[in-house]
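Close look at the chain arrangement
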Amino acid sequence: MSQNGEFPDTVTLTIDGREVTVPKGTTILQAAESLGNRIPHYCYHPGMSAPAQCRLCLVEVEGAPKLSPSCVSAAQDGQVVLTESEKAKGMREGVLEFYLKNHPLDCPICDQSGECKLQDYVHEEGRKHGRSREPKRVFGRDDFGGDVLFYGDRCVMCTRCVRFMEEVAQDPLLTVVERGSRSVIDTFFEEGLTGSPYAGNVVDICPVGALVSKDFLHKARAWDLDHTPSICPNCSQGCNIDLHTRDDAVQRLKPRPNLDVNAYWMCDYGRHRYEWINRRDRLEAPVLRGEDGTRARDWPDAIEDVAARLMEAREAEKPVRAVASPHASNEDLAALRAVVESLGGGDIVYRSRRAEDEVPLPGFSQLVRRRDLTPNARGAEILGATRVGDDGATGGLEEVSTHEGVVIVLGDELSDQGASFGQDAALYLYLGSHSTPAADRADALLPVTTFAEQEGSFTNFEGRVQRFWPALRPPGAARPAWMVLGALLARVREDARRPAHVAAAFLRAGELAPEFEGLAFETIGTRGALVNDPVALSGGGS
Amino acid sequence: MSRPTRSSSSGDIPFRNPGWAGNTGEFDLSEAEVRGTEYVGRIPADGGHPGASATRPYMLEEKEPSAPLFEGPFRERFEKILTRYPEKQGALLPALGLAQELRGHISPETMAEVAEMLGLSEAYVRGVTSFYTMYNKRPVGRFLIQVCTNISCNLCGGDEVLEAFLEHTGTELGETSQDGLFTVMEVECLAACGFPTAVQINSKYFENVSVDDVPALLDHLRSEVG
Amino acid sequence: MAYPYTHEKEVRVLSRGWGDPATRTLEGWKALEGYDGLAKALEMGREKVIEVVKASGLRGRGGAGFPTGVKWSFMPKEKKGVHYLCCNADESEPGTFKDRELMRWTPHQVVEGCLIAAYAIQADHVYIYCRGEFFEANQVLARAVEEAYAAGLAGKDILGSGASIEVTVHQGAGAYICGEETALMNSLEGKRGLPRIKPPFPAAVGAFEQPTTVNNVETLCAIPHIVRNGGEWYRQWGSEKSPGTKLFCVSGHVRRPGNYELPLGFPMNELIEDVCGGIPNGRKLKAVIPGGASVPIMDAEDCDGCSLDYEGVVERGSMLGCASVIVMDDSTNLVKQVRRMVDFFAHESCGQCTPCREGTTWLAQILARIEMGKGTEEDLDTLLDLGAQMTGTTICVLSDSAAVPVASSIEKFKDDYLSLIRRGEPVGAD
């Protein structure tokens, strides 16, 4: 029975024998998806208009004379939809044969192989053998500029790429040229996609191997990649991404849907800045400078030693100054703040690179490549850090570098600082991932992990807390900063316990800053959660 | 294979059929009367009434590939065209038509200029231009000869007429003759099926064209050039 | 004055002025009671006009045969924004050559029909989407529009009625698919001529996203006569379900091909044998395509006794379409002609739907192979199967149309295929 009386804005229909109630206006395809039934399709994409031209998503609707394109047909009350009927399956088999008519079947050398919707659908429902004896049409390969290569012969003419550029990027650099079977995607002659800041998304949305990334070309097979949900570390927008990794290295970044942040998209700036995550020559073991010289230690020793020195400094009432990094997680930053406070408090500063301009995505206006090019400047500020330095993330450390008390640096590589940094400090702790002249001077050099090697959360420009997960193995003895600092804290403060896991470390943020109060990892959810009472990022540099 | 034949009429033109649908002898109109020559070409370069401005006569015998887009009366015409559509984009097809009228073909540069004028992307204009067969993507001869070989004409020898045009112009399909006069193309049904073979030469239809008519027809065109 | 061929059985309503250059002028058209229909319509009021057209039973002459009055009544009664009328003058169905004649001989008939229809559906603007290749017809029509404006028959406050209707002649640029009404609207908007998915229907969301009606030239040309003389008058010809006169475009192997205006329901035998003078050169009738390239091919047996109205042709397994009767004698290499038609559909496919984009070309390739004597009997099964896959699976019916001649010819003329497959020669090769 229809539930319309009770919920006037819903319709109830039956799809493959299962009843489902959806809001009015929901398409049959979406209704089926809500049942976990993915109807095959190419041209439909949830972030764009649906031209209903690929003809794969046709389903049988009882009483309708023809099969209906489920991507544009609104679900009707009482409708009986069959996606697996003989008619629907026969149609899909037929359409798939048309798709293969001129396809080169070059899967062995195609980057898309393994994540190709043509491969998948044909494997599931296609004919065993194609019947065509006719010569195939050949378009060849075309460099579209930017990071995009086009293999015309693999194209299924779904026009997702054209519509993305028109509707979402609103920079219509792609078009369908010619018509009929001579139709082919192209740019304006030699004018390519170069310079269009979101063009890389066309590779993601291409359901087949027609549009591929030059950067990723022949780098890895899709099935060899591990996918880890993460947050783009390259600006304060906080686009949801997946890190695709192999051989303990990030191979590419792909956007992950989050309708509150980035929909299905990400910018090319963010997408192409991942090599730093794979940088080698990492700090791999705690190194302590002591009376017996400088030497690597294991963690229990190092913690014991550093804690003792911290307590010593506290006793001597040495003032504290800290440098944080907006690349560090909320948990890391909260732990830093807790340590600083346990030593009697002190200034925490951070530096972040900022671009001159924002780069908005016109078709999804929430998504903007923000001026602040770090993922957690907002988190740093909420946790008490103040931005210093210039837009190149240099300078501003004059007071810290000559500070005579305790200096703690978390994550900032100090690459603009000389070997004299911290030379006057009573105690200089450096928690980071790479060695630099200024870092090397530290009394304790403690190796920590990057965001890609740990679990945690960032707070984006608008105060949205979003989680990420570890994708890479930490090098050597590197540990998350929250763990290292947590261990130190437990030693220097009687009532503090070292957090057992990252979720507990996050709760510490709530204890330190009312903005985080009440938030917990369990309740952040897949779209992230806004902090309480969001405030603007300092200096208007969101 | 034998085909229906029609008697030829001698007249003020050197080939059998001047472009009306058949002549049985009882049909005593001149070519001008049949074509409506009095009417055709009466729309001035500036487009006349705005309601007529979006049509495209062959106004100019000589094409100038570097002609400006658009100046003088043609600018007026373009402005009139713009008034006929609620969105600028609606003027795209007529604007491309006018550009081809002046320049003879639609080059990438022309596409870019038209795109600029209408606030459209170059790629978009390329996509639209390439969809329609009447926009010449490269220069064609002074006389663009399009021969219908679709079913009604084909039944009565359209293929042979096409062959004859290629032979007598010494060209390959779609290529322009050495003297720059002729480009011969195959065309889909011209909607003049009753009097095969239908041939379109620039703006004019020639109906009832047989293989034997081809040399005289070409001579007639050459004589027009003088 | 006589248009190329006339026949005493013709009923010249729409084609009355053909062959007389004077009819092209405003005065000439007025001499044939021109624009009286418009004046009468403005007096009657728009609801009444729609009633009269409904009463006449006029059916769309563009091929689908949908009742015109009913189509008009789909337009919103309460007008919110702008309404458009598109006159579909993009005639390009192989075998069809009536609209060009209507436009070049009786341009004012077209304009008058447009104005009445626009008035009835409250359209503010009429776009006459005229096929690009029709340079001459375009110019004649454009001139007629100018004359109509000058005479106060178009534009603001037509004939003092308060109704204002703009008319623009819009020239196409070479694409058969733009004769499909939603592709036509896209093309009018300066887009690639891709048919749109329905719903929404044009009467709700049409050209420039406004309510729009698209009518064929011949349909609109019948309007002034119906309004002037009444619905019952129109029903004196034809049958109950297919009333009125129709322009029959006869081409191919007949002695006197041409356009003949005849009452619907006219017997096919009489059309071919009598009106068109029969098949020349002592040949026999082999096949007829009664409604343009998109309808099933009939063999001689189907044709015998067939009544040329919408229902009569369906009874014989085909469709009247736009009454484009293509006659083929027994010397015809039917496989070649089918291949030529399928080539056409492949050339004209807009390319958006996969079954059409790939299927039309594939069919054409197989047919070409068979025509060259390199086919197999399995190819026939493949052709039929592909055709079935192309039917009912796309946005518009071009795909279905391409499959039609293939399936019907294999059904009715299998020997033609087998002869090429087995002997490498067409049937009837002398």
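Rules used throughout
Residues numbered from 1 in each chain as written. Chains lettered and ligands numbered in written order. Predicted model: local features only at pLDDT ≥ 70, side-chain atom pairs only at ≥ 80, totals over all residues. Helix = DSSP H or I, 4+ residues; strand = E, 2+ residues; numbered from the N terminus. Buried ≥ 20, exposed ≤ 12 C-beta atoms within 10 Å, placed from the backbone. Contact = placed C-beta atoms within 7 Å. Core = buried A, V, L, I, M, F, W, Y, C linked by C-beta atoms within 7 Å. Axes fitted to C-alpha atoms, helices over the stretch in contact; angles between N-to-C directions. Parallel < 35°, antiparallel > 145°, perpendicular 65-115°, else oblique. Left-handed = near helix turned anticlockwise from the far one by under 90°. Nonpolar A, V, L, I, M, F, W, Y, C, P; charged D, E, K, R; others polar. Pairing = 2+ DSSP bridges. pLDDT = per-residue confidence, 0-100. Expected span 1.5 Å × (residues − 1). Arc of directions from axis to C-beta.

**Brief notes about the overall build of chain A**
When you go through chain A residue by residue, the secondary structure sums to 14 helices and 26 strands. Its C-alpha atoms give chain A principal-axis dimensions of roughly 85 × 60 × 40 Å. Looking at chain A as a whole, 53% of its 542 residues qualify as buried. A separation threshold of at least 6 residues defines the contact pool for chain A, and within that pool the share at least 24 residues apart is 63%.

**Some words on unusual backbone geometry**
Backbone torsion omega between L69 of chain B and F70 of chain B reads -20 degrees, so that peptide bond is classified as cis. Inspection of the secondary structure assignment puts F70 of chain B in the loop between α1 (31-35) and α2 (72-83). With omega at -5 degrees, the peptide bond leading from P196 of chain B into T197 of chain B counts as cis. The phi dihedral of L414 of chain A falls on the positive side, at around 55 degrees, and the residue is not glycine. Tracing the sequence through the fold places L414 of chain A in the loop between β21 (406-410) and β22 (427-432). Residue D157 of chain C is not a glycine yet carries a positive backbone phi of 50 degrees. For D157 of chain C, the position within the fold is in the loop between α7 (135-150) and β3 (166-171). The class for D157 of chain C is exposed, based on 10 C-beta atoms found within 10 Å.

**Here we look at the nonpolar core**
Counting 293 residues, the largest nonpolar core has C114 and I128 of chain C as its most contacted members. Look past the residues within four positions of C114 of chain C in its chain and what remains in contact with it is L85, C87, V126, I128, V167 and L220 of chain C. Of all hydrophobic cores here, the second largest spans 70 residues; its members include L283, V400, W482 and V484 of chain A.

**Brief notes about the packing of helix α6 (residues 107-120) of chain C against α7 of chain C**
Residue and element names in this part refer to chain C. For the pair α6 and α7, interaxial distance at closest approach is 9 Å and the crossing angle is 60 degrees. Considering the angle they form, α6 stands oblique to α7. The handedness of the crossing between α6 and α7 comes out as right-handed. Contacts from P107, H108, V110 and V111 of α6 reach α7 at V140, L141, A144, V145 and A148. Classifying every residue of the contact of α6 with α7 gives eight nonpolar, one polar and no charged.

**What about the interface of chain B and chain C?**
With 61 residues of chain B at the interface, the matching set in chain C holds 66 residues. Across the side of chain B that touches chain C, the residue classes break down as 31 nonpolar, 21 polar and nine charged.

**Describing the sheet that holds strand β9 (residues 298-299) of chain C**
Residues and elements named next belong to chain C. Strand order across the open sheet formed by five strands is β6-β5-β11-β8-β9, with mixed pairing between neighbours. The sheet terminates laterally at β6 (258-263) and β9, the two strands that pair on one side only. Judged from the four bridges that link them, strand β5 (residues 245-252) and strand β11 (residues 324-329) form a sheet pairing that is parallel. Counterpart to S251 in the pairing with β11 is I326.

**What to know about the sheet that holds strand β25 (residues 464-468) of chain A**
In a beta sheet, neighbouring strands pair by backbone hydrogen bonds and run either parallel or antiparallel. Residue and element names in this part refer to chain A. Sheet architecture is open: three strands sit in the order β24-β25-β26, paired in antiparallel fashion. Both outer strands of the open sheet, β24 (456-459) and β26 (529-530), are each paired with one neighbouring strand and no more. Sheet topology places β25 next to β26; two bridges connect them, and they run antiparallel. Opposite R464, over in β26, you have L530 as the bridge partner. Contacting β24 and β25, helix α8 (residues 330-342) crosses the sheet at an angle of about 85 degrees to β24.

**Here's the deal with the confidence of the model for chain B**
Residues and elements named next belong to chain B. Averaged over chain B, the pLDDT score is 86; the fraction of residues at 70 or greater is 86%. Low pLDDT, under 50, characterises residues 1-19; the predicted model gives this stretch 39 contacts beyond four residues in sequence or across chains. On the interface metric, ipTM, the complex scores 0.96, and its pTM is 0.94.

**Overview of the pairing of strand β2 (residues 18-23) of chain A**
Of the strand pairs in this sheet, strand β1 (residues 10-15) of chain A and β2 of chain A are connected by six bridges, and their pairing is antiparallel. Bridging from a neighbouring strand, L13 of chain A pairs with V20 of chain A of β2 of chain A.

**Observations concerning the interface of chain C and chain A**
On the chain A side, the residues contacting the 25 residues of chain C number 26 residues. Looking at the side of chain C that touches chain A, the elements with two or more residues in it are α14 (334-348), α15 (354-371) and α16 (377-389) of chain C. Of the residues forming the side of chain C that touches chain A, the biggest block, ten residues, is contributed by α15 of chain C. Of the residues in the side of chain C that touches chain A, the class split is eight nonpolar, 14 polar and three charged.

**Let's talk about the packing of helix α3 (residues 46-56) of chain C against helix α9 (residues 217-229) of chain C**
Residues and elements named next belong to chain C. In contact at an axis separation of 10 Å, α3 and α9 are set at 100 degrees when each is read in the N-to-C sense. By the angle between their directions, the pair α3 and α9 is classed as roughly perpendicular. Across the interface between the two elements, V49, V52, V53 and S56 of α3 pack against I223, I226 and V227 of α9. Class assignment of the residues belonging to the contact of α3 with α9 gives a composition of six nonpolar, one polar and no charged.

**Observations regarding the environment of I201 of chain B**
All names here are of chain B. With respect to the helices and strands, the residue I201 is situated in strand β3 (residues 199-201). Overall, the presence of 21 C-beta atoms within 10 Å leaves I201 in the buried class. A sequence separation of eleven residues divides I201 from L190, and the C-alpha atoms of the two residues are 12 Å apart.

**Let's talk about the environment of Q178 of chain B**
Residue and element names in this part refer to chain B. Following the sequence through the fold, Q178 ends up in the loop between α7 (158-169) and β2 (182-187). Its 11 C-beta neighbours within 10 Å are what place Q178 among the exposed residues. Distance from Q178 to N208, taken between C-alpha atoms, is 28 Å for residues 30 residues apart in sequence.

**Comments concerning α7 of chain B**
Residues and elements named next belong to chain B. When the terminal C-alpha atoms of α7 are compared, their 17 Å separation across twelve residues agrees well with the 16 Å that a helix rising 1.5 Å per residue should span. Among all positions of α7, only G158, V161, L162, A164, F165 and T169 are buried. Relative to the axis of α7, the buried residues are bounded by an arc of 160 degrees and lie together on one face. Turning to α7, the residues buried within the fold contact β1 (143-148), α6 (151-155), β2 and α8 (214-225). Trailing α7 by a residue or two, G170 shows a phi angle of about 65 degrees, which is positive.

**Quick word on the pairing of strand β17 (residues 346-350) of chain A**
Residue and element names in this part refer to chain A. Of the strand pairs in this sheet, strand β16 (residues 320-324) and β17 are connected by five bridges, and their pairing is parallel. Residue pairing for β17: R321 is matched across the bridge by D347. Bridge count for β17 against strand β20 (residues 385-387) is three bridges, and the pairing is parallel. Bridge pairing in β20 links I348 to A385.

**Overview of helix α2 (residues 86-101) of chain A**
The terminal C-alpha atoms of α2 of chain A lie 22 Å apart, and with 16 residues this matches the ideal 22 Å at 1.5 Å per residue to within 8%. Taken as a whole, α2 of chain A has its buried residues at A88, M91, R92, G94, V95, L96, E97, F98, Y99 and K101 of chain A. Check the buried side of α2 of chain A and you find it contacts β3 (58-61), β5 (80-82) and α3 (117-125) of chain A together with α15 and α16 of chain C.

**Quick word on the environment of L35 of chain A**
Residue and element names in this part refer to chain A. Structurally, L35 can be placed in the loop between α1 (28-34) and β3. A C-alpha to C-alpha distance of 33 Å links L35 and G130, two positions 95 residues apart in sequence. The contacts of L35, once residues within four sequence positions are left out, are I15, R18 and V20.

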